[in-house]
Amino acid sequence: MTWLPDNVDLVLRLTGTHLFQSVLPVVLGLLISIPLARLAAGSRWVRPLMVNGAALLYTIPSLTLFVVLPVVLGTRITSIVNVIVALTIYVVAILVRSCTDAFRSVDRSVLQAATAMGHTPWQRFWAVELPLAVPVMLAGVRTAVVANISMVSVGAVIGIQSLGTLFTDGLRRGIAEEILVGVVVTVVLAVGLDQILRLTGLVLTRWQRPGGRAGGRAGGRRRDPRGGRSDSAGTAGTGPAPDTTAGRIAATGGGA
Amino acid sequence: MGNHAISFRDVRKTYPDGTTAVDDLSLDVPEGSLTVFVGPSGCGKTTSLRMINRMVEPTSGTVEVNGQDVSSVPEARLRRSMGYVMQASGLLPHRTVLENIATVPRLLGRSKRESRERAESLLETIGLDRDLGGRYPSQLSGGQQQRVGVARALAADPPVLLMDEPFSAVDPVVRADLQRELLDLKQRLNKTIVFVTHDMDEAVLLGDRVAVFATGGRLAQYAPPEQVLRAPADQFVSDFVGRDRGFRALSFDSHEVALSGVLSRNHEGETTVLGGSEATGGWTLEVDAAGRPVGWLAPGESDGADTSAHRVGGSLYRPGGSLRSALDAALSSPSGLAVAVDDSGRVRGVLRPQDVLAAIEQARGARS
Ligand SMILES: Nc1ncnc2c1ncn2[C@@H]1O[C@H](COP(=O)(O)OP(=O)(O)OP(=O)(O)O)[C@@H](O)[C@H]1O
Ligand SMILES: [Mg+2]
């Protein structure tokens, strides 16, 4: 155990850039996916195009993208811009699908009530559709974040700095400890970010839990003995949602 | 009443798939009245209602509100000027009760504080506890959600209320409460209300006028409820209003019924009982100290016997009430005698079924 104490600065710097390369694409991907998904959710013709198109994107091997993008974008091969753009493409591939499901999971009668009260389409989107889509959307975001944290490391192979650099460097120089540190920090980062998102989700979806109250009592909830149940309610978006969607698709198909 | 708040003029709606939901509808809803749209499933009630607030656009014809063609009013503005209540309460699940009620005032640009105060006072108007204001809709019972739905529709004090089967998902007891409160609200707030239901009893109870829709979106009859029951316009209406139509029509008769003087007052021990003679078939009616009915004692049962088996139920006759309530009070009484009570609930006497039937006979004679 001699490598780590001498290289704390390096590990911190790589963790920082790794985090940046994983999170920024999720933010950009979300900004791109939400409007696309909203379009897809609202139209029977656009939907298969978007959802299948997005699925296709996901089949492009990441290393290919890292190599091709510099040519297309005119960046240096070691630039992190390549990673950001490549991962944003993958995030869009994941999120267009789950955001479409999210918008379609919103109860139709609630949307009709919102319209009947006199929301303009724009007001209805911000005040009703988006907040109600959060639980299902969040499941996709968590998947994307975890996937990104592992994929960012691939860039190290062609010399883009990240925690993956610890693997490549450790392998080349035969330092097992360096590789181990890389593995541990990556895992901690993935689990940590996932938990932060989960808790954020709990706060954003207090209204979903029978015990939840407006005005901050949810914080205490998490620690109560039924915390386990709150937890499953938070991720419930992941579970039931696709089923609901499947049901809707079947219903629409029958009507068409 | 001269003004027509809502008018349909030759309105037709054909959906893109070719379904004709509403066929050539012309109908005027007088200002300040409650009009009920009734009819079997799929006959175009919801479609007609939604053409009033432009949730559905007519294929041809026009809908006017206060003389103005609704298609000339921007959708959002039009909708904010009308309350809308639907079957599934349609509350926003991520907003608290108060936030839900305050929705339309907020959309109209009123301040947060003003909207909230308005929402709080409405909680009271619709008979909900103030403490419920901070709850989310999922934490309310179905009946409470429906009340919040009504409060939300009233929040901006719109002159027009559109209600689509608002009470059909709650149990009969709560429904009766909500119906009574709606009538009360209507009187106090002077709203023009269009109310959709497929329950004829609800239509008769609430409606100043009833529009009966037939399958295929045709308006079969538009008249006061009594007329619909007594003089159905065609075979469809008479089939739809159904078997109990004669009984329901008694709701509109309040002919005087003679009280039988068969009750004599006795004191048996601590309790006061009435009757017990041959004229009441041996049944005696126990009353409390204030003279309110407690329960019937069967012939041979003495004081102290358990009257709870023969409790006087909810069905009591108040002189001046309808013949339907008189007949129902007699039919539902274990002794066969309807108990007549005054406004403070004291026993005034009993009605024999034959006297009720005689009164029905007389009412019929008086009508023709
Ligand atoms: N968006 C739509 N597209 C196509 N057809 C529709 C649509 N909405 C309603 N319909 C059809 O129009 C007809 C009238 O529907 P509407 O909802 O107005 O009936 P309703 O009288 O309210 O019935 P219910 O009592 O079941 O609510 C039905 O045949 C229905 O299938
Ligand atoms: Mg309907």
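This one's a predicted model, so the numbers in the text were calculated from it and none came from an experiment. (Residues numbered from 1 in each chain as written. Chains lettered and ligands numbered in written order. Predicted model: local features only at pLDDT ≥ 70, side-chain atom pairs only at ≥ 80, totals over all residues. Heavy atoms only, no water.)

### Here we look at the side chain of R47(A)
All names here are of chain A. Worth spelling out the cut-off: Numbered from the N terminus, helices here are DSSP runs of H or I no shorter than four residues, and strands are runs of E no shorter than two. Each residue gets one of three labels from its accessible area relative to the maximum for its type: buried under 20%, exposed over 50%, partly exposed in between, using a 1.4 Å probe on protein chains only. Positive residues here are Lys and Arg, negative ones are Asp and Glu, while His and the chain termini are left out of the count. A side-chain nitrogen of Lys or Arg and a carboxyl oxygen of Asp or Glu constitute a salt bridge if their distance falls within 4 Å. Any two residues whose heavy atoms approach within 4.5 Å at even a single point are treated as in contact.
As for its position among the elements, R47 is in helix α3 (residues 46-57). No salt bridge is formed by the buried R47; its nearest oppositely charged neighbour, D101, is found at 7.5 Å. In contact with R47, other than residues within four places in its own chain, are A40, A41, T100 and R104.

### Quick word on the sheet that holds strand β8 (residues 192-197) of chain B
Paired through their backbone hydrogen bonds, the strands of a sheet run either parallel or antiparallel. All names here are of chain B. This is how the line gets drawn: We call two strands paired when DSSP finds no fewer than two bridges between them. Here the axes come from fitting lines to C-alpha atoms, over the contacting stretch only for helices, and the angles between their N-to-C directions go from 0 to 180 degrees.
Across the sheet, six strands lie side by side as β6-β7-β8-β3-β9-β10; this open sheet has mixed pairing. Looking at which strands have only one partner, the edges of the open sheet turn out to be β6 (82-85) and β10 (218-223). If you compare each strand with its neighbour and ignore which way they point, the axes differ by 15° on average. Relative to the sheet, helix α6 (residues 142-154) contacts β6 and β7 (160-164), its axis offset from that of β6 by approximately 165°.

### Examining the interface of chain B and chain A
We count it as follows: Note on definitions: buried area is the accessible-area loss of two parts on being combined, 1.4 Å probe, summed for both. What qualifies as a polar contact is a pair of N or O atoms within 3.5 Å, subject to a donor-acceptor requirement within protein and to the restriction that residues adjacent in sequence count only when both atoms come from side chains. Just so you know the grouping, Ala, Val, Leu, Ile, Met, Phe, Trp, Tyr, Cys and Pro go in nonpolar, Asp, Glu, Lys and Arg go in charged, and all remaining residues, Gly too, go in polar.
Facing the 26 residues of chain B at the interface are 24 residues of chain A. Taken together, both faces of the contact between chain B and chain A bury some 2000 Å²; the carbon and sulfur share is 61%. Run the count over chain B and chain A and you get zero salt bridges. If you look at where chain B meets chain A, you find five residue pairs in polar contact (both at pLDDT 80 or more). At the level of secondary structure, the elements contributing two or more residues to the side of chain B that touches chain A comprise α2 (75-80) and α4 (103-107) of chain B. Looking at the side of chain B that touches chain A, its residues break down into eleven nonpolar, eight polar and seven charged.

### Regarding the environment of M117(A)
Structurally, M117(A) can be placed in helix α6 (residues 108-117). Non-local contacts of M117(A), meaning those with residues more than four positions away in its chain, are made with R79(B), R80(B), T103(B), V104(B), L107(B) and R152(B).

### What to know about the packing of aromatic side chains
Between two aromatic rings, the relevant description is the distance of the centres plus the angle of the planes. So the rule is basically this: Think of it this way: a Phe, Tyr or Trp ring, Trp meaning its six-membered ring, pairs with another when their centres are within 6.5 Å, and the plane angle makes it stacked under 30 degrees, edge-to-face over 60, tilted otherwise. Remark: a charge is flagged as sitting over a ring if the NZ atom of Lys or the CZ atom of Arg is within 6 Å of the ring centre and within 35 degrees of the ring normal.
All told, the structure shown has eight aromatic pairs over all chains when counted by the stated rule. Summarising the aromatic geometry, the rings of F37(B) and F213(B) are spaced 5.1 Å apart at their centres and angled 55° between planes, so their arrangement reads as tilted. With F37(B) in strand β3 (residues 34-38) and F213(B) in strand β9 (residues 209-214), this pair connects stretches of sequence that are 176 residues apart. Both residues of the pair, F37(B) and F213(B), belong to the buried class. An aromatic cluster is present here, built from F103(A), W122(A), F125(A) and W126(A) joined pairwise through their rings. Taking the ring centre of Y222(B) as reference, the NZ or CZ of R209(B) above it sits at 4.5 Å.

### Some words on the pattern of salt bridges
Residues and elements named next belong to chain A. The full count for this structure, using the stated rule, is 23 salt bridges over all chains. Close ionic contact of R142 with D194 constitutes a salt bridge, the shortest N to O distance being 2.9 Å. Taken together, the residues R142 in helix α7 (residues 121-152) and D194 in helix α9 (residues 176-204) connect sequence positions 52 residues apart. You can call R142 buried: its relative accessible area is 15%.

### Describing the pairing of strand β14 (residues 293-297) of chain B
For a regular strand, the rule is simple: side chains alternate between the two faces of the sheet. Residue and element names in this part refer to chain B. Within β14, four of the five residues are buried, which leaves it mostly tucked inside the rest of the structure. Pairing between strand β13 (residues 284-287) and β14: four bridges, direction antiparallel. Bridging across to β14, E286 finds its partner in G295. Here β13 folds back onto β14 in antiparallel fashion, the turn holding five residues, of which G291 has a positive phi close to 90°.

### With respect to the pairing of strand β15 (residues 338-341) of chain B
In β15(B), alternate side chains face the same way, and those of A338(B) and A340(B) on one face and V339(B) and V341(B) on the other are all buried. Linking two consecutive strands that pair antiparallel, namely β15(B) and strand β16 (residues 347-351) of chain B, is a turn of five residues; a positive phi of about 90° is found at G345(B) within it.

### Let's talk about the confidence of the model for chain B
All names here are of chain B. To keep things clear, this is the line we draw: Per residue, pLDDT measures the predictor's confidence, with a range of 0 to 100.
The predicted model of chain B has a mean per-residue pLDDT of 86, with 89% of residues at 70 or higher. Here strand β11 (residues 265-268) is the element of chain B with the lowest mean pLDDT, 58, and helix α3 (residues 97-101) is the one with the highest, 97. Model confidence for the complex: the whole-complex pTM is 0.78, and ipTM, which rates the interface, is 0.77.

### A closer look at the sheet that holds strand β4 (residues 60-65) of chain B
Residue and element names in this part refer to chain B. Reading across the sheet, the four strands line up as β2-β1-β4-β5 and stay open at both edges, with antiparallel pairing between neighbours. On the outer flanks of this sheet lie β2 (20-30) and β5 (68-69), each paired with one strand and no other. Strand contacts of helix α1 (residues 45-52): β1 (4-14), β2 and β4, with the helix running at about 125° to β1, the strand carrying the most contacts.

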